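# Descriptive analysis of the structure
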Amino acid sequence: MLELVLMVLDLNEIERLALKELSQAKTGAALEKIRIKYFGRRRGILQNVTKQIPKLPKEQKAGIGTKINKLRTKLEQLLNQQAKPVSIKKESSVDLTTPGKEIDLGGTHPLTSVIDEVKEIFHSLGFSWIDGPEVELDAYNFQKLNMPQNHPARDVQQTYYINDELLLRTHTSSMQVRYMEDHKPPIRVLFPGRCYRRDMPDSTHLPSFYQIEGLLIDDASKMSDLIGTLDYFAKSFFGKNLKTRVYGHHFAYTEPSIEMEVYYPGKGWLEILGAGMVNPIVLKNGRIDPNKFRGWAFGMGPDRLALLKYGISDIRSLYNSDLRFLKQF
Ligand code: DAH
C-alpha cells in the first residue's frame with residue numbers, strides 16, 4: 001500500500017516536473033532532451049517507473065499501469081504539439097505571405113499561330129504539308145518553273161546566289177516541281193517555309209520572310225475551284241464578312257494567273273496572294289502528263305496575313321524577339 005502511494009506521488013511529481021520542463025523548452029534540441037529523459041528506452045523515467053510495477057501487490061498492478069500509460073500519452077501529445085511550432089519557427093525566415101516569383105512561360109509566336117491556322121483551314125480541305133530546302137537549286141527555284149536563265153521575271157526576285165547553281169530560295173514555289181517528281185496525282189499539299197530576297201529592311205520588307213505555297217493536281221480542277229477555295233480560306237481566316245476580289249496577273253509558272261485582294265476597312269484593298277492554273281510546262285517538268293492532269297497553285301505571305309489580322313504596322317516587330325510585343329499574343 002505504501003509503495004503504491006509513493007508511486008502515485010511519484011507520478012504526480014513526474015508530471016509536474018515534466019510540464020515545467022516542457023513549458024521552458026524553446027528549441028527542438030531541448031524538446032529532444034525531454035523526450036529522452038522521460039521516454040528513453042534504458043534510463044527513461046517512465047520506463048523505470050514501469051519496471052517497478054511487478055514489485056507491487058497483484059491487485060494494484062492494473063490501476064497503476066493505466067495511470068502510467070495516461071501520463072505517457074499526455075506527455076507525448078504535449079511534446080508533439082510543442083515540436084510543431086518549433087519546427088515552423090525554424091523555417092520562419094521564409095515569409096509565406098511574400099508573392100511568388102513569376103515563372104515565364106513560353107507562348108506561340110504570332111507567325112507560328114498564323115501558319116498553324118492556315119494549315120488547319122487547308123487540312124479541312126484535304127491538304128497535307130511538307131518542308132523543303134531553303135538552299136535550293138536554281139533549277140527548282142526558276143528553270144523548271146518556266147523561268148530560264150536571263151528570264152525577265154527573275155529580276156523582281158532579288159536573289160541571293162551561293163554559286164551559279166545554288167541559291168537561297170526566293171519563294172516556296174520551288175517545291176512544286178520537287179514534289180511533282182516524287183508524287184503522283186491527286187496532289188493536295190502545302191509548302192510552308194522561309195524564303196530570302198535581297199530587300200532592304202523596312203516596315204513591309206525583310207530579306208528573310210515566310211511563304212505558304214499550295215498545290216493541287218487532279219484531272220478536273222478549274223479556275224473557279226481555285227477562286228472559291230481561296231475565298232473560303234480568306235473568310236475562314238479573317239471572318240465570314242470579309243470581301244475578296246481577284247484580277248488577272250502574270251506568273252511564269254501559272255497560266256492564267258491571278259492575284260487576290262481582301263478589303264481591309266480603313267485601308268482599302270490589299271493583296272494577300274498570287275495564284276493560278278499550273279502551267280502545263282511546269283507539269284511536264286514535274287513528270288506529270290498535262291494531257292491527263294491539271295491543277296492550281298497559290299503562294300501567300302503569312303507575315304502579311306499576321307500584319308492584317310493583328311493590326312501590326314511594322315513587319316520587323318515579328319522578328320526582333322521583343323517580349324513586350326510578343327506577350328500580347
Ligand atoms: N511565288 C509567288 C511569289 O513569290 C507567289 C505565287 C504566285 C505562287 C502564283 C504560286 C502562284 O503558286 O501560282 O510572289
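Keep in mind that this is a model prediction, so the values were computed, not measured.

Basis of the calculations
Residues numbered from 1 in each chain as written. Predicted model: local features only at pLDDT ≥ 70, side-chain atom pairs only at ≥ 80, totals over all residues. Heavy atoms only, no water. Helix = DSSP H or I, 4+ residues; strand = E, 2+ residues; numbered from the N terminus. Buried < 20%, exposed > 50% of the residue type's maximum accessible area, 1.4 Å probe, protein only. Contact = heavy atoms within 4.5 Å. Core = buried A, V, L, I, M, F, W, Y, C linked by side-chain atoms within 4.5 Å. Pairing = 2+ DSSP bridges. Near = heavy atom within 4 Å. Polar contact = N/O pair within 3.5 Å; in protein donor to acceptor, adjacent residues only side chain to side chain. Areas by Shrake-Rupley, 256 points an atom, 1.4 Å probe, with all protein chains shown as cover. Phe/Tyr/Trp six-rings, centres within 6.5 Å; stacked < 30°, edge-to-face > 60°. Lys NZ or Arg CZ within 6 Å of the ring centre and 35° of its normal. Domains from an automatic or database assignment. Salt bridge = Lys/Arg side-chain N within 4 Å of Asp/Glu carboxyl O.

### A look at the environment of asparagine 141
As for its placement among the helices and strands, asparagine 141 is situated in helix H6 (residues 138-141). Classification of asparagine 141 by relative accessible area gives buried; the value is 0%. For asparagine 141 and leucine 166, which are 25 residues apart along the polypeptide, the C-alpha to C-alpha distance reads 9.5 Å. Here asparagine 141 is in contact with Glu136, Met147, Gln157, Leu167, Arg169, Thr170, His171 and Ser174, once residues within four sequence places are set aside.

### Description of the nonpolar core
Counting residues in each nonpolar core, the largest one holds 37 residues, and the members touching the most others are Val118, Phe233 and Met300. Contributing elements (two or more residues each) for this core: helix H5 (110-123), strand S5 (208-218), helix H8 (223-238), strand S7 (254-264), strand S8 (268-278), strand S9 (294-300), helix H10 (302-310) and helix H11 (323-326). Every residue in contact with methionine 300, bar those within four places of it in the chain, is listed here: Val118, Phe122, Tyr210, Gln211, Ile212, Phe233, Ile272, Leu273 and Leu305. Core analysis: the second largest hydrophobic core is formed by 22 residues, Phe142, Ala252, Leu283 and Ala297 among them.

### Some remarks on the pairing of strand S4 (residues 187-196)
With eight of its ten residues buried, S4 lies for the most part within the structure. As defined by bridge partners, strand S1 (residues 128-129) adjoins S4 across two bridges and the pair is classed as parallel. Across the sheet, residue serine 128 finds its bridge partner in S4, namely valine 189. Where S4 lies against S5, ten bridges are found, and the strand directions are antiparallel. Bridging from a neighbouring strand, glycine 193 pairs with glutamine 211 of S5.

### Here we look at the site of the ligand
Ser173, Arg197, Gln211, Glu213 and Tyr253 are the nearest of the 15 residues found near the ligand. Within the side chain of arginine 197, an N or O atom sits 2.9 Å from an oxygen atom of the ligand. When the free accessible area of the ligand is taken as 360 Å², the share hidden by the protein chains comes to 91%. Elements with a contribution of two residues or more to the shell around the ligand: S5, S8 and S9.

### Details of the packing of aromatic side chains
Counted by the stated rule, this structure contains twelve aromatic pairs. Here the guanidinium or amino end of arginine 178 rests over the ring plane of tyrosine 140, the centre of that ring lying 4.4 Å away. The cationic tip of lysine 309 hangs over the ring face of phenylalanine 237; the distance from NZ or CZ to the ring centre is 4.1 Å.

### Some words on the domain arrangement of the protein
The domain architecture assigned to the protein consists of domain 1 (2-89) and domain 2 (110-326). Here domain 1 and domain 2 have C-alpha centroids that lie 86 Å from each other.

### Quick word on the pattern of salt bridges
A full pass over the atoms with the stated rule returns 13 salt bridges. One salt bridge in this structure joins lysine 74 and glutamate 15, with 2.5 Å as the shortest N-O distance. Here lysine 74, found in helix H4 (residues 58-91), pairs with glutamate 15, found in helix H1 (residues 2-24); they are 59 residues apart in sequence, far enough to count as distant. The closest approach of N and O atoms between arginine 316 and aspartate 314, which form a salt bridge, is 2.8 Å. For aspartate 314, a relative accessible area of 22% gives the class partly exposed.

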